[in-house]
Amino acid sequence: MKEFERIPVTKVQRATKFITTGAKIGTNYLKHYGKKLINPDVSRDELHADNANDIYNSLSELKGGALKVAQMLSMDKNLLPTAYQQKFAMAQYSAPPLSYPLVVKTFQNHFGKSPEQIFETFTKKAVNAASMGQVHQATLNGKKLAVKIQYPGVGDSVKSDLAMVKPIALSMFNLNPVEYDEFIKEVEERMLEETDYSLELKRSIDLSQRSRDVKNIVFPHYYPEFSCPKILTMDWLEGKMLGEVIGKELPAGAADKIGQAMWDFYHFQMHQLRAVHADPHPGNFIITNDYKLGIIDFGCVKVIPQEFYNIYFRLLDGDLLTDKKKRDFVFEQLRFVYPNDTPKEREFFMGIFTKLVELLARPFRSEKFDFANDDYFNELFSFGETLANMKELRESKKARGVGEAIYINRTYFGLYNILHDLKATVKTGY
């Protein structure tokens, strides 16, 4: 895989890269429409593939917030054409890494030593590379370690990157500007936290210790003495990345074991800790050799305020959709509807969110749920596609939903997708 010798770090350098990418996208559209003049039946598949490739290559060079947004968008199977999903999903754990001299420079800046002066061995090539940082394998005192190094300039460029990625997101993916602004405020806050490895170290130790009794979950031990705001060192967990396991033939009961561990882990955090690992993509989990679930990344954590928790989880109340008074109260508190909506708007958005809540809460309505159920996911994805193309939602002057819910919704969306890909049956009774 190609390695980058440098990352554009100044606002001018990064803005220039965005402008160059925009020009490439414009050329792709001109090429597409030129072909369409000759053959009106030409599909947009090649256009999507060209755009996805150009955008991903540019964001891979920039790293940071822009690439993270691409990773997040790839998790939504309704929002993006397949070409974008497939390309952007690479940002989860197989983005092009930084060259070794840049890694050494980061160590010298923070420890005054090279990796070889700290560890007995240290791989010169990254074993994994994602949107915010890359992982190298090291050894010390007979222990195998994972050392995560943050890309240079990531923390300083989050705000400007998110501002520059906005026009691309709005124009290419038909996102509602009001919804996007609500979404991006919360995303910016989480991303800024994610660039602070000292905070991640603290949360990793705290949340892993408090979750240690969840069945079939494994956590690495962390090493504060070899960690700092840009470097995080932990035990190396033996096994395979979850992305390597999904879609493969597993021993009888293994998929259910992994799925149940993941479900239990997330709901323990939601309901007991009020702080949740809010980045459930396959690059953040290891499947051990005995099919336990290893949690290896607490970079993105959503702390759930008590007041929001009290309202949000009323969506799971069994009588919510039959008790009109309760439903109206909860929907207004979560800003699905507004007191000053017109009667037509209120009826429309009540109908949409009633259907959405019923669909998303369905796994909680029985003692067990079969996430291999294609009928359920076809219905879910079909409704999601309908929402993505709904003019009333795209053109609404109000954000439908509160910012606090973005990462909780994203967590459930990622969790459901992983369980579906695993074809797991899980005890879900709420």
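Throughout this document, residue positions are counted from 1 along each chain, in the order its sequence is written. This being a predicted model, a pLDDT of at least 70 is required before a residue's local features are given, and a value of 80 or more before pairs of side-chain atoms are given or counted; all residues contribute to the totals for chains, interfaces and linings. Hydrogens are left out, water is left out, and the side-chain values use all remaining heavy atoms of the structure.

Caption draft 1: Inspection of the overall build of the protein at higher detail. Runs of H or I in DSSP of at least four residues are treated as helices and runs of E of at least two as strands, each being numbered from the N terminus. If you tally the helices and strands in the protein, you get 17 helices and 13 strands. When checking whether two residues touch, look at their non-hydrogen atoms; a contact exists if any pair is within 4.5 Å. Contacts in the protein between residues at least 24 apart in sequence constitute 70% of all its contacts with a sequence separation of at least 6.

Caption draft 2: Examining the sheet that holds strand S7 (residues 240-241) more closely. One bridge is not enough; two strands pair if DSSP finds at least two bridges between them. Overall, mixed pairing links the 4 strands, which are arranged S5-S10-S9-S7 in an open sheet. Edge strands, defined here as strands with exactly one partner in the open sheet, are strand S5 (217-218) and S7. Two strands pair when backbone bridges link them, and S5 and strand S10 (residues 293-295) are joined in this way by 2 bridges, in the parallel orientation. Residue pairing for S10: Val218 is matched across the bridge by Gly294. Sitting on the sheet, helix H11 (residues 254-273) is in contact with S5, strand S9 (285-287) and S10, with an inclination near 40° to S10. Note on geometry: axes are lines fitted to C-alpha atoms, helical ones only across the stretch in contact, with angles between N-to-C directions running from 0 to 180 degrees.

Caption draft 3: Unusual backbone geometry, seen in detail. Even without being a glycine, Arg335 presents a positive backbone phi close to 60°. Here Arg335 is to be found in the loop between helix H13 (324-333) and helix H14 (343-361). When its relative accessible area of 28% is taken as the criterion, Arg335 is described as partly exposed. For the exposure calls, accessible area comes from a 1.4 Å probe over protein chains only, and a residue counts as buried if that area is under 20% of its type's maximum, exposed if over 50%, partly exposed in between.

Caption draft 4: Structural context of the pattern of salt bridges. Salt bridge, as applied in this entry: a Lys or Arg side-chain nitrogen positioned within 4 Å of an Asp or Glu carboxyl oxygen. As enumerated under the stated definition, the model contains 23 salt bridges in all. With a closest N to O distance of 2.7 Å, Asp279 and Arg410 form a salt bridge. Taken as a pair, Asp279 in the loop between strand S8 (275-277) and S9 and Arg410 in helix H17 (residues 406-422) lie far apart in primary sequence, 131 residues in all. Overall, Asp279 belongs to the buried group, its relative accessible area being 3%.

Caption draft 5: Broad picture of the nonpolar core. For our purposes a nonpolar core is just a set of buried Ala, Val, Leu, Ile, Met, Phe, Trp, Tyr and Cys residues, chained together by side-chain atoms within 4.5 Å. Leu293, Tyr312, Leu315, Phe331, Leu334, Tyr412 and Tyr416 are the most contacted members of the largest nonpolar core, which totals 89 residues. With sequence-adjacent residues up to four places away left out, Leu293 is seen in contact with Asn216, Ile217, Val218, Ile258, Ala261, Met262, Phe285, Ile286 and Ile287. Listed in part, the 16 residues of the second largest apolar core include Val103, Val104, Phe122 and Ile149.

Caption draft 6: The arrangement of the side chain of Arg190 in detail. Among the structural elements, Arg190 can be located in helix H8 (residues 177-194). Among the residues examined, Arg190 registers a relative accessible area of 5% and is labelled buried. Here Glu189 takes part through its side chain, which lies 3.2 Å from a polar atom of the side chain of Arg190. N or O atoms closer than or at 3.5 Å make up a polar contact, with two conditions inside protein: a donor-capable atom paired with an acceptor-capable one, and, for residues adjacent in sequence, both atoms drawn from side chains.

Caption draft 7: Representation of the packing of aromatic side chains in the model. By convention, a stacked pair of Phe, Tyr or Trp rings (six-membered ring in the case of Trp) has centres within 6.5 Å and planes under 30 degrees apart, an edge-to-face pair has planes over 60 apart, and any other such pair is tilted. Overall, the coordinates contain 26 aromatic pairs when judged by the stated rule. A centroid spacing of 6.0 Å and a plane angle of 55° characterise the contact between Phe219 and Phe265, whose relative ring orientation is tilted. Here the residue Phe219 occupies a position in the loop between S5 and strand S6 (231-235), and Phe265 occupies one in helix H11, the gap between them amounting to 46 residues. There is no split in this pair, since Phe219 and Phe265 are both buried. Geometrically, the ring pair formed by Phe336 and Phe353 is stacked, given 4.3 Å between the ring centres and 5° between the ring planes.

Caption draft 8: Focus on the confidence of the model for the protein. For the protein, per-residue confidence averages 81 on the pLDDT scale, and 75% of positions sit at 70 or higher. Each residue carries a pLDDT score, the predictor's own confidence in it, on a scale running from 0 to 100. Segment residues 74-93 is flagged for pLDDT under 50; beyond a separation of four residues in sequence, or across chains, it makes 70 contacts in the model.

Caption draft 9: Spatial organisation of the side chain of Asp341. Among the secondary structure elements, Asp341 is positioned in the loop between H13 and H14. Exposure remark for Asp341: the relative accessible area of 9% places this residue in the buried category. Engagement of the side chain of Asp341 in a polar contact is seen with the side chain of Lys398, the distance being 2.7 Å. At 2.9 Å, the side chain of Asp341 and the side chain of Arg400 are in polar contact. Setting aside chain neighbours within four positions, we find Asp341 in contact with Arg346, Lys398 and Arg400.

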